[in-house]
Amino acid sequence: MKKIFLIIFLFNTLLYAQKQYDIIVASDGTGNYKTLTEAVAALPMFNYRRVVIFIKNGTYNEKIRIEQDYVTLKGEDREKTKIVYSQLREDWNKNMDAIGPGVINIYGDDIILENLTIENSQPQIGPHAFAIYGFGTRTIIYNCNVISKGGDTVSLWDYKTGMYYHANCYFEGAVDFVCPRGWCFIRDSKFYELKETASIWHAGSYDKNQKFVVVNSHFDGVKNFELGRHHYEAQFYLINCTFSKNMADKPIYRVTYKDDPSRDRQFIWGPRYYFYNCKGDSINYDWFKNNLNEAEGSPKPDEINPKWTFNNLWDPESTSPVPLKNYFIKNNLLILQFEEPVTVKGKPIFKTDKGITFQFILGGENDTIQLIADRNFTKDDLRGLKIINDAKIISSIASINERKAEFDF
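None of the values given here were measured: they were computed from a predicted structure. (Residues numbered from 1 in each chain as written. Predicted model: local features only at pLDDT ≥ 70, side-chain atom pairs only at ≥ 80, totals over all residues. Heavy atoms only, no water.)

**Student:** In this structure, what is going on with the sheet that holds strand β27 (residues 324–330)? I would like to understand it.
**Tutor:** Note on sheets: strands pair through backbone hydrogen bonds, and any given pair is parallel or antiparallel. Taken together, 6 strands build an open sheet; the order of strands is β27-β28-β32-β31-β30-β33 and the sheet is antiparallel. The outermost strands of the open sheet, each flanked by one partner alone, are β27 and β33 (386–387). Two strands pair when backbone bridges link them, and strand β30 (residues 349–351) and β33 are joined in this way by 2 bridges, in the antiparallel orientation. For phenylalanine 350, the partnering residue across the bridge sits in β33 and is isoleucine 387. (Pairing = 2+ DSSP bridges. Helix = DSSP H or I, 4+ residues; strand = E, 2+ residues; numbered from the N terminus.)

**Student:** Even after reading the chapter, I still don't get the layout of surface pockets, so can you show me in this structure?
**Tutor:** A water-sized probe rolled over the atoms picks out the places where empty space is left. Computed from the structure, the largest pocket encloses a volume of approximately 740 Å³. What lines the largest pocket is a set of 27 residues, among which Gln20, Val52, Lys392, Ile394 and Glu402 lie closest to the centre. Of all the secondary structure elements, the ones that give two or more residues to the lining of the largest pocket are α1 (2–20), β5 (71–75), β8 (112–114), β11 (139–142) and β34 (392–395). When the residues that make up the lining of the largest pocket are grouped by side-chain class, the tally is 9 nonpolar, 8 polar and 10 charged. (1 Å grid on protein atoms, 1.4 Å probe; cavity = no way out; pocket = protein on both sides within 12 Å on 5 of 7 lines; lining within 4 Å. Points joined across faces, edges and corners; volume = space filled by probe spheres on them. Nonpolar A, V, L, I, M, F, W, Y, C, P; charged D, E, K, R; others polar.)

**Student:** What is the right way to look at the sheet that holds strand β24 (residues 253–254) in this model?
**Tutor:** Spatially, the 3 strands line up as an open sheet ordered β18-β21-β24, and their pairing is parallel. If you trace the sheet from one side to the other, it starts and ends with β18 (198–201) and β24, each paired once. Relative to strand β21 (residues 226–230), β18 is paired through 3 bridges, and the arrangement is parallel. Directly across from alanine 198, in β21, lies its bridge partner glutamate 226.

**Student:** Even after reading the chapter, I still don't get the side chain of glutamate 172, so can you show me in this structure?
**Tutor:** Topologically, glutamate 172 is positioned in strand β15 (residues 170–173). Of the side chains with opposite charge, lysine 149 comes closest to the buried, unpaired glutamate 172, at an N-O distance of 5.6 Å. Apart from the residues lying within four places of it in its own chain, the contact partners of glutamate 172 are Val146, Ile147, Ser148, Thr153, Phe177, Tyr192 and Leu194. (Buried < 20%, exposed > 50% of the residue type's maximum accessible area, 1.4 Å probe, protein only. Lys, Arg positive; Asp, Glu negative; His and termini not counted. Salt bridge = Lys/Arg side-chain N within 4 Å of Asp/Glu carboxyl O. Contact = heavy atoms within 4.5 Å.)

**Student:** Looking at this model, I keep getting lost on unusual backbone geometry. Mind explaining?
**Tutor:** Among all residues except glycine, the phi angle is most often negative; among peptide bonds, the trans geometry is most common. With phi around 60 degrees, tyrosine 70 is a residue other than glycine that occupies positive phi space. Inspection of the secondary structure puts tyrosine 70 in the loop between β4 (64–66) and β5. For tyrosine 70, a relative accessible area of 13% translates into the label buried.

**Student:** Quick question: what am I supposed to make of the pattern of salt bridges here?
**Tutor:** Where side chains of opposite charge bring their charged atoms close, a pairing between them can arise. Scanning the entire structure with this criterion turns up 16 salt bridges. Between aspartate 110 and arginine 138 there is a salt bridge, with its nearest N and O atoms 2.7 Å apart. Here aspartate 110, found in the loop between β7 (104–106) and β8, pairs with arginine 138, found in the loop between β10 (132–134) and β11; they are 28 residues apart in sequence, far enough to count as distant. Pair check on accessibility: aspartate 110 and arginine 138 agree, each one buried. Its salt-bridge partner being arginine 375, residue aspartate 374 comes within 3.4 Å of it at the nearest N-O pair.

Given below as structure tokens:
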């Protein structure tokens with residue numbers, strides 16, 4: 001009898017998981033695929049909807065390339081769901097494959113990595129060894145361990161439009177091991193430097209407003225590790241951060257080449273390194289004193305959030321519903337256009353206050369969906385339109401919150 005109940009429990013658990021996730025990866029064969037490589041290969045060439053790939057606990061010794069947009073990789077357990085691969089950048093340069101030089105290689109937009117450990121397991125301290133590498137925008141790394149013994153652990157390099165949000169993460173590496181190009185916001189995270197070199201690095205030369213913001217985070221590492229540096233134009237904001245006593249008394253600095261000045265990058269905007277309420281563990285260096293008032297616009301500490309960082313172009317922490325932009329009525333057809341691209345999960349059934357029922361028939365590949373009613377209707381008949389089954393319509397844009405569409409007429 002206990003065995004029967006266990007089978008029923010496992011069966012119901014799998015059914016629930018299948019409802020929540022589009023693809024399940026499990027090395028033991030209990031999912032749709034045994035490897036991430038197979039799961040990613042199963043994605044359409046052009047992906048228009050948010051696809052959630054759920055990864056069951058296990059160590060997946062593989063590296064992957066994500067070219068599609070709107071893909072979420074979500075682990076079952078941050079510590080027990082591991083994607084591990086040994087790859088030196090130098091080795092990849094000598095023998096390039098189509099996957100890329102990192103463990104996870106991102107070439108799509110709106111990618112979310114959540115609840116995972118991602119590790120480049122090559123053993124050398126120092127040389128370039130990417131755990132995450134890519135050129136997409138609106139990339140989220142949330143509740144993850146991202147580890148390498150080499151440099152450039154997290155290298156997201158869309159230098160024109162790249163926007164990256166990371167929260168509740170642990171980053172480890174050597175030499176510029178978190179090194180965004182473009183805009184980056186990190187909160188509630190830990191950094192560990194394995195070498196007497198800079199921990200963070202930024203390139204923001206394409207747009208004067210590009211910036212790297214770190215909030216409520218802790219920096220530690222080997223004795224005399226450095227906080228940060230840059231070669232290109234850069235802008236750093238560190239708010240409410242703490243520093244280990246091992247951190248060297250060396251401000252964030254620009255790299256120049258005295259022996260060959262032709263290698264120096266342009267430096268029009270000058271030093272832009274801003275701090276607020278940062279504290280050291282038994283250290284108190286003058287260079288991380290409060291100086292937000294010196295930044296352009298003199299921002300207040302409570303203004304420095306993701307939306308501000310990304311110049312109001314993206315708010316990955318938003319909880320607001322997706323607004324309805326426009327609608328069109330054609331006899332018994334209703335076309336809804338939203339402010340953002342949306343993903344339709346399931347087959348929604350709608351009902352209005354007047355009892356008119358609508359069935360979803362088309363859409364969910366952009367910002368527009370089409371519904372059909374059981375009769376002709378007018379605008380006044382649309383009040384109270386809502387989904388009455390377990391389906392949903394959500395934003396496709398990368399976010400840490402599931403944002404449902406609203407139907408406000």
